[in-house]
Amino acid sequence: MSPRIVPPDPGVPAARSTYRHGDLRRALLDAGIELARDGGPDAVALREVTRRAGVVPNAAYRHFASRRELLLAVRAAALSAAATAMEKELAVLPCDQPPADFARARVRAIGTAYLRFAQAEPGLFKTAFLVSSEDAQGEVGPGRAGASGMDPFQLLSSAIDRLVDAGALDASRRPNAEYLAWSAVHGLALLIIEGPLKDLDAEATHALGQRLIDMVERGL
């Protein structure tokens, strides 16, 4: 696998420069997605999405009653983009492996996709996973899933369940294992995109990520 980070297709469309006809809610959401892509969750603002859509500010309130509603919709799209990136990594795994090896490969693919998504789309990554608890209260809706119908956390949980089914993880160690794996990979992602590892080159970053995933796999 090449160490070069190739931006995944995030599964969310680019915003139109102005709204002309059709679905205004979609135009506003597209604009919010672009704001998040460029500046993370703090950049998502109702006034700016209406300006980008080419409508008066009050027009947004027919579709999003508050900034929080808009942010949750953008967050759902960002989660869907992350899930799509994971599904694409899973889709290229060779299926002709022993069950235990295939189960381990699925866990590794999800961790690799998570790190790649964070580096390729840091604004969407932060919006998906770093929205404040106050803003993120409640369900974000079905739009947070990929084509499989699962969101990123569900994809990880399913992969760990497969480890148990394949005999690669003792059932007694299964409870909450996804939180351990997630916290480790998420922590490294943050160190890379906005912390002391930000200046590492792509090759070093990839190698470090694979070492961490090795550690997670052995530690589950």
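Residues numbered from 1 in each chain as written. Predicted model: local features only at pLDDT ≥ 70, side-chain atom pairs only at ≥ 80, totals over all residues. Heavy atoms only, no water.

Participant: Describe the overall build of the chain, naming the residues involved and giving the relevant values.
Facilitator: Of the regular secondary structure elements, the chain holds 8 helices and 0 strands. Start at the N end of the chain and walk to the C end: the helices and strands fall as α-α-α-α-α-α-α-α. The long-range share in the chain, meaning contacts at least 24 apart out of those at least 6 apart in sequence, stands at 71%. Working note: accessible area of the chain is about 11,100 Å², and carbon and sulfur atoms make up 53% of it. (Helix = DSSP H or I, 4+ residues; strand = E, 2+ residues; numbered from the N terminus. Contact = heavy atoms within 4.5 Å. Areas by Shrake-Rupley, 256 points an atom, 1.4 Å probe, with all protein chains shown as cover.)

Participant: Give me the confidence of the model for the chain: which residues, what numbers.
Facilitator: The predicted model of the chain has a mean per-residue pLDDT of 87, with 85% of residues at 70 or higher. Ranking the helices and strands of the chain by mean pLDDT puts helix H4 (residues 99-120) first, with 97, and helix H2 (residues 46-53) last, with 92. Residue range residues 13-19 is modelled with pLDDT below 50. Its contacts to residues more than four positions away, or to other chains, number 23 contacts. (pLDDT = per-residue confidence, 0-100.)

Participant: Requested: an account of the pattern of salt bridges, with residues and values cited.
Facilitator: What the rule picks out here adds up to 14 salt bridges. For Glu-48, the salt bridge is made with Arg-51, and the minimal N-O distance between the two is 2.7 Å. Here the residue Glu-48 and the residue Arg-51 both occupy positions in helix H2, the gap between them amounting to 3 residues, near one helical turn. Taking the relative accessible area as the measure of exposure, Glu-48 reaches 21% and is therefore partly exposed. Taking the relative accessible area as the measure of exposure, Arg-51 reaches 55% and is therefore exposed. The closest approach of N and O atoms between Lys-126 and Glu-194, which form a salt bridge, is 3.3 Å. Pair noted here: Lys-126 is in helix H5 (residues 122-129) and Glu-194 is in helix H7 (residues 177-194), with a separation of 68 residues, a long-range link. What you see here is one network of salt bridges that share partners, running through Asp-101, Arg-104, Arg-108, Asp-214 and Glu-217. (Salt bridge = Lys/Arg side-chain N within 4 Å of Asp/Glu carboxyl O. Buried < 20%, exposed > 50% of the residue type's maximum accessible area, 1.4 Å probe, protein only.)

Participant: Talk me through the packing of H4 against helix H8 (residues 202-219); I want residue IDs and the actual numbers.
Facilitator: Where H4 contacts H8, the two axes come as close as 10 Å, and the packing angle between them is 140°. For the element pair H4 / H8, the angle class is oblique. For the crossing formed where H4 meets H8, the hand is right-handed. Along its contact with H4, which presents Arg-104, Arg-108, Gly-111, Thr-112, Leu-115 and Gln-119, the element H8 presents Thr-205, Gly-209, Gln-210, Ile-213, Asp-214 and Glu-217. When grouped by side-chain class, the residues that make up the contact of H4 with H8 number 2 nonpolar, 6 polar and 4 charged. (Axes fitted to C-alpha atoms, helices over the stretch in contact; angles between N-to-C directions. Parallel < 35°, antiparallel > 145°, perpendicular 65-115°, else oblique. Left-handed = near helix turned anticlockwise from the far one by under 90°. Nonpolar A, V, L, I, M, F, W, Y, C, P; charged D, E, K, R; others polar.)

Participant: Let's hear about the nonpolar core: which residues, and what values?
Facilitator: One finds Leu-28 and Phe-125 to be the most contacted residues of the largest nonpolar core, which totals 61 residues. Counting residues per element, the ones that place at least two in this core are helix H1 (24-39), H2, helix H3 (67-91), H4, H5, helix H6 (152-165), H7 and H8. Top element by residues in this core is H3. It accounts for 13 residues. (Core = buried A, V, L, I, M, F, W, Y, C linked by side-chain atoms within 4.5 Å.)

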